[in-house]
Amino acid sequence: MSFEMPKEKWRGAVNQVKIGATAAEGGTRSSTVTVGGEATLPFLDFEGDTPNRPVIAFEVLDLAPTDWPEPLVEAYGDVFGDPAAWAQKCVEQYEADLICLRLQSAHPDRGDSSPAQCAETVKKVLQAVGVPLIIWGCGDNEKDNNLWPEVSQAAARERCCLGSAVQDNYKTISACAMADGHVVITEAPLDINIQKQVNILVTEMGVKPEDIIMYQVTGALGYGVEYAYTIMERTRLAALGGDKMLSMPMLAIVGSEAWRAKEARLPEEESPQWGRRYDRAILWEAMTAELFLHAGTDILVMWHPEAARLVKESVLSYSAASTESE
Amino acid sequence: MALTAIEIYKLLPQTNCRECGFPTCLAFAMQLAQKKASLDKCPYVSEDAKAALEGSAAPPINLVTIGVGDKALKIGNETVLFRHEETFHHPCGLAVLVPSDLDEASLKQKATRLSELQFDRVGMIVGVDLIALQHVPGSDFRAAATAVAQASNLPLILISDDPAAMAAAASAVADKRPLLYAATAGNFDEMVKIAKEHGLPLAVRSEGIANIADLAAKATAAGVSEIVLDTAPKTPKDMLLHQTAIRRAALLKKNRQVGHPTIVFAVGDTPAAKALNASVAIAKYAGIVVIDFDDPALVLPLVTARLNIYTDPEKPIQVQPGVYAVGAATEESPVLVTTNFSLTYFTVEGDVSASKIPSWIVVVDTKGTSVLTAWAAEEFTAETITKAVNDYDVAGRVKHRTLIIPGGVAVLSGKLEDLSGWKVLVGPRESAGIPAFLKSLPKLAA
Ligand code: SF4
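Residues numbered from 1 in each chain as written. Chains lettered and ligands numbered in written order. Predicted model: local features only at pLDDT ≥ 70, side-chain atom pairs only at ≥ 80, totals over all residues. Heavy atoms only, no water.

**Some words on the domain arrangement of chain B**
Here comes step 1: Here chain B is described as being made up of domain 1 (5-57), domain 2 (63-309) and domain 3 (322-439).
Here comes step 2: Centre-to-centre separation of domain 2 of chain B and domain 3 of chain B, based on C-alpha positions: 43 Å. (Domains from an automatic or database assignment.)

As structure tokens, this is what we get:
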């Protein structure tokens, strides 16, 4: 008797969200990305649809990082301080699916650049690359609320993802996204109930569920990865169970988290017992991402091109058909 | 799966003879269902009923023990598909392949190296769990097994499809309780015989998933009690599907034939790709993951992933309370106080480390709760902080007498100064503010 694959019958599915808009759609992107749509757990395509593969967004900072470890400086040092060139390098050299632009310079403690300056940066990056954009504010609520009208307007009709809407600050970003045709990223502090609450608040303002991506503050391998892993797994199960307010695709911030870990940061001289720093740092980021893939993440925001390449290959191998016919 | 009282009642004689000490068979059944009575109190229960009841009490995935002593690895007895439903109970074993055709000195050196491939994660020692000795035809498998067993107390997996080689090696190290790998359709009877002769756990391997249940059932029928399953997936995708299918069948379909832990040989084109696939196997139900590299740069992420995935979601990882140096801390370095919730500690440690200012961190035992939770629960108070500062002899490490406490518990300052006799500085509310705070900190007076 042959062993039968036990199948689950799921009631719901993850929403499908399209990011980016081509000229025909009112934008200027040369390519778009569609995420979500899964009607099963990650990669279990024998029991439900998995129409879109998870994608990798390369993070680009509008400020030159001052404290990045050597492997990252080697990859991006020549484009630090020039976000457009940085984004271009990610797309042309490292085959980024998307660019995640972080407007760090707007933070009052980090230069306090004006909304007009940020809008200008966004425009330059949009001109430099054809892939869709994720645009992240500086994290200071008040400043971000000043930023969004102009920044969102500068990218109008490009269908970018704007991040992030949080429980006590979601109105401006949602209003801007609706006005200019963007997707909203809702954020929660590793709490599934708060995530749902933010989604409800944002949709009550009129944002359509298909225009939302969810983000739970992420932890890295060795530093809370298990919390994020399980929150994402529970969120995917909720979506498959039919909970419409938890059915949005998920995004994870991997690069900045993984490279905070001392296992990725400490050079060999300070940690000879841990082997080559380059190898362990790359794997630290890649393995953090890999675990999130298998918990249900749709968009991975990553830093190092080699870590991203490894994960992209992995996505392909888990998306491939089984070698055994059922 | 456990039976309900009604299901048990149906298996009892239903004569209400009271000899069990309960007024009715149903009352007895209710006690049985709650595991408050034992079945042997009823003298009239049939053999069939006994078997059914005992079977129902057995775990859906058998426990397998490999090795002896405090390094013995126990795998199996898992009860859920997802961590949050309960927890994953028996951390997956990480095994490293060693070929048997090395000379004796190299084998011993390699075995010693693997035993020593350990990492300290704030008081928790994690490392490689097993040595997977792979028989290379033409080499003396028995001598190799003996050499490895002498050099290391890590449990062994003996890998050979050749029953003669396996019999020789197994008899040499049987007292170390190795896992025999593997019985296949081709060598089945002979491998089963070796496992039974020494009472050892046996892996069964089918090519693909279709025949695994039959092969495992045959091994059970032949009298092997501890079985490990290998479906020999050729690709990462097959691995994920096989692992999911077996765990689901055992738990959801109550398929006892596949109610055994699994072993996965990590596939991939490069060591890094293998490591990534090994991390997926750890998350997706493998009992043992075998890798063919021992580079610490690749092993450290894997043992960390295993530690994380097998953390009980109800009991967050705690850091051993104590005082820790970050960087080359001296008697003039600042002293920060925090709780022993691992995430809190790691965040603080990361930010202190990022400041590049060597410091001491005093970790107070708050039963694994974060700063504000611990404060609310009165685990993080002037009293507990004072006790920690005294117990861990912080005064013996620094000349100054200044403590830095998290901004969120600024209210503790006054009382803490009175109780401890130390000056108290209020640090930032968020850990991210630590680098800026430390950099602007004036030199602490002795
Ligand atoms: S001894 Fe057995 S038959 Fe008699 S009452 Fe108890 S359970 Fe029923």
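**Things to note about the interface of chain B and chain A**
Here comes step 1: Tallying the contact residues gives 56 residues for chain B and 53 residues for chain A.
Here comes step 2: Both faces considered, chain B and chain A share a buried interface measuring about 4,700 Å² in area, 64% of it formed by carbon and sulfur atoms.
Here comes step 3: Looking at the side of chain B facing chain A, the largest losses of area belong to B:K237, B:R248 and B:L276, adding up to 15% of the total buried there.
Here comes step 4: Joining chain B to chain A, the criterion identifies 5 salt bridges.
Here comes step 5: A salt bridge links A:D45 to B:K237; the nearest nitrogen and oxygen atoms lie 2.8 Å apart.
Here comes step 6: Where chain B packs against chain A, one counts 14 residue pairs in polar contact (both at pLDDT 80 or more).
Here comes step 7: Those elements giving two or more residues to the side of chain B that touches chain A turn out to be β4 (118-121), α8 (212-221), α9 (236-251), α10 (271-283), α11 (296-309) and α12 (342-355) of chain B. (Contact = heavy atoms within 4.5 Å. Buried area = accessible area lost by both parts, 1.4 Å probe. Salt bridge = Lys/Arg side-chain N within 4 Å of Asp/Glu carboxyl O. Polar contact = N/O pair within 3.5 Å; in protein donor to acceptor, adjacent residues only side chain to side chain. Helix = DSSP H or I, 4+ residues; strand = E, 2+ residues; numbered from the N terminus.)

**Details of helix α14 (residues 382-391) of chain B**
All names here are of chain B.
Here comes step 1: Residues A382, I385, T386, A388 and V389 constitute the buried set of α14. Down the axis, α14 shows its buried residues gathered within 160 degrees of arc, on one side only. Residues K387 and N390 are exposed on α14 and point more than 90 degrees away from its buried face.
Here comes step 2: Of the surrounding elements, those touching the buried residues of α14 are β14 (335-339), β15 (359-364), β16 (402-405) and α15 (413-420). (Buried < 20%, exposed > 50% of the residue type's maximum accessible area, 1.4 Å probe, protein only. Arc of directions from axis to C-beta.)

**Quick look at unusual backbone geometry**
Here comes step 1: Here the bond from A:G163 into A:S164 is cis, since omega is 0 degrees, no more than 30 degrees from zero.
Here comes step 2: Along the polypeptide, A:S164 turns up in strand β6 (residues 161-165).
Here comes step 3: Residues B:Y181 and B:A182 are joined by a peptide bond in cis, for which omega reads 5 degrees.
Here comes step 4: Tracing the chain through its elements places B:A182 in strand β8 (residues 179-183).
Here comes step 5: Despite not being glycine, B:K254 has its phi angle at roughly 50 degrees, a positive value.
Here comes step 6: Here B:K254 shows up in the loop between α9 and β11 (263-265).
Here comes step 7: Not every positive phi belongs to a glycine, and B:D393 is a case in point at roughly 50 degrees.
Here comes step 8: Within the element layout of this structure, B:D393 appears in the loop between α14 and β16.

**Thoughts on the packing of helix α5 (residues 141-151) of chain B against helix α6 (residues 163-173) of chain B**
Residue and element names in this part refer to chain B.
Here comes step 1: Direction vectors running N to C along α5 and α6 enclose 30 degrees, while the axes themselves pass 8 Å from each other. As judged from the angle between their axes, α5 and α6 are roughly parallel. At the point where α5 passes α6, the crossing takes the right-handed sense. On the side of α5, the interface is formed by F141, R142, A145, T146 and A149, while α6 contributes A165, M166, A168, A169, S171, A172 and V173.
Here comes step 2: In terms of residue class, the contact of α5 with α6 is made up of 9 nonpolar, 2 polar and 1 charged. (Axes fitted to C-alpha atoms, helices over the stretch in contact; angles between N-to-C directions. Parallel < 35°, antiparallel > 145°, perpendicular 65-115°, else oblique. Left-handed = near helix turned anticlockwise from the far one by under 90°. Nonpolar A, V, L, I, M, F, W, Y, C, P; charged D, E, K, R; others polar.)

**A look at the layout of surface pockets**
Residues and elements named next belong to chain B.
Here comes step 1: Of the pockets and cavities examined, the second largest pocket occupies roughly 450 Å³.
Here comes step 2: In terms of lining residues, the second largest pocket is bounded by 21 residues, among which P91, I125, V126, D129 and R306 are the most central.
Here comes step 3: Counting only elements with at least two residues in the lining of the second largest pocket, the list comes to β2 (73-76), β5 (124-127) and α11.
Here comes step 4: It is β5 that provides the largest number of residues to the lining of the second largest pocket, a total of 4 residues.
Here comes step 5: Each residue belonging to the lining of the second largest pocket can be placed in one class, and the counts come to 12 nonpolar, 4 polar and 5 charged. (1 Å grid on protein atoms, 1.4 Å probe; cavity = no way out; pocket = protein on both sides within 12 Å on 5 of 7 lines; lining within 4 Å. Points joined across faces, edges and corners; volume = space filled by probe spheres on them.)

**A short note on empty space enclosed by the protein**
Residues and elements named next belong to chain B.
Here comes step 1: A full pass over the atoms with the stated rule returns 5 cavities of 30 Å³ or more.
Here comes step 2: Here the largest cavity is characterised by a volume of approximately 110 Å³.
Here comes step 3: If you go around the largest cavity, you meet 15 residues; those closest to its centre are E78, R247, P261, T262 and Y285.
Here comes step 4: Elements represented by at least two residues in the lining of the largest cavity include exactly β2 and α9.
Here comes step 5: Among the elements that line the lining of the largest cavity, the one with the most residues is α9, at 3 residues.
Here comes step 6: Looking at the lining of the largest cavity, its residues break down into 7 nonpolar, 6 polar and 2 charged.
Here comes step 7: Residues that form the lining of the second largest cavity fall into these classes: 10 nonpolar, 3 polar and 2 charged.

**Notes on the environment of B:L53**
Residues and elements named next belong to chain B.
Here comes step 1: Structurally, L53 is set in helix α3 (residues 47-57).
Here comes step 2: Taking relative accessible area as the criterion, L53 reaches 11% and is therefore assigned buried.
Here comes step 3: On a C-alpha basis, the gap between L53 and R429 in space is 57 Å, while along the polypeptide they are 376 residues apart.
Here comes step 4: Excluding its chain neighbours within four sequence positions, the residues that come into contact with L53 are L3, I8, L11 and L39.

**Thoughts on the site of the ligand**
Residue and element names in this part refer to chain B.
Here comes step 1: Around the ligand, the neighbouring residues are P13, T15, N16, C17, R18, E19, C20, C25, F28, C42 and P43.
Here comes step 2: One can see that the ligand is located within the second largest cavity.
Here comes step 3: Classifying every residue of the shell around the ligand by side-chain character gives 7 nonpolar, 2 polar and 2 charged. (Near = heavy atom within 4 Å. Sits in = over half its atoms within 2 Å of the grid points.)

**Brief notes about the sheet that holds strand β8 (residues 212-216) of chain A**
Residue and element names in this part refer to chain A.
Here comes step 1: The 8 strands are arranged β3-β4-β5-β6-β7-β8-β9-β10 in a closed barrel whose pairing can be described as parallel. Across the sheet, the axes of successive neighbouring strands diverge by a mean angle of 30 degrees, strand direction being ignored.
Here comes step 2: Bridge analysis of β6 against strand β7 (residues 183-188) gives 4 bridges, and the strand direction is parallel. Considered in β7, the bridge of A165 is made with T186.
Here comes step 3: Where helix α7 (residues 225-240) meets the sheet, it contacts β8 and β9 (250-253), and its direction lies at approximately 170 degrees from that of β9.
Here comes step 4: Running at roughly 170 degrees to strand β3 (residues 55-61), helix α11 (residues 305-319) makes contact with β3 and β10 (299-302) of the sheet. (Pairing = 2+ DSSP bridges.)

**Let's talk about the nonpolar core**
Here comes step 1: Within the largest apolar cluster, 197 residues are counted, with the highest numbers of intra-cluster contacts made by A:Y76, A:I99, A:I135, A:L300, B:L158, B:V204 and B:I291.
Here comes step 2: The element best represented in this core is helix α10 (residues 277-293) of chain A, accounting for 10 residues.
Here comes step 3: The residues that make up this core include at least three from each of domain 2 (63-309) and domain 3 (322-439) of chain B.
Here comes step 4: Once residues within four sequence positions are removed from consideration, A:I99 is found in contact with A:F58, A:V60, A:A87, A:C90, A:V91, A:V125, A:V129, A:V131, A:P132, A:L133 and A:I134.
Here comes step 5: If you look at the next biggest cluster of nonpolar residues, it comprises 23 residues, including B:A374, B:V394, B:I405 and B:L412. (Core = buried A, V, L, I, M, F, W, Y, C linked by side-chain atoms within 4.5 Å.)

**Quick look at the pairing of strand β17 (residues 423-426) of chain B**
In regular strands, side chains alternate between the two faces of the sheet.
Here comes step 1: Bridge count for β16(B) against β17(B) is 4 bridges, and the pairing is parallel. Directly across from B:L403, in β17(B), lies its bridge partner B:V424.

**Things to note about the sheet that holds strand β7 (residues 156-159) of chain B**
Residue and element names in this part refer to chain B.
Here comes step 1: In space, the 8 strands of this open sheet follow the order β10-β9-β8-β7-β6-β3-β12-β11, with parallel pairing throughout. Each of the sheet's edge strands pairs with one partner strand only, and the pair in question is β10 (227-230) and β11. Taking the axes of each pair of neighbouring strands and ignoring which way they run, one obtains an average angle of 25 degrees across the sheet.
Here comes step 2: Relative to β8, β7 runs parallel, the two being bridged by 3 bridges. Following the sheet pairing, L158 is matched in β8 by L180.

**As for a negative patch on the surface**
Here comes step 1: Residues A:E70, A:E74, A:E268, A:E269 and A:E270 make up a contiguous surface patch of negative charge.
Here comes step 2: With a relative accessible area of 57%, A:E74 lands in the exposed category. (Patch = residues over 30% accessible without salt bridge, like charges linked within 9 Å, V, L, I, M, F, W, Y side chains within 5 Å. Areas by Shrake-Rupley, 256 points an atom, 1.4 Å probe, with all protein chains shown as cover. Lys, Arg positive; Asp, Glu negative; His and termini not counted. Charge placed at Lys NZ, Arg CZ, Asp CG, Glu CD.)

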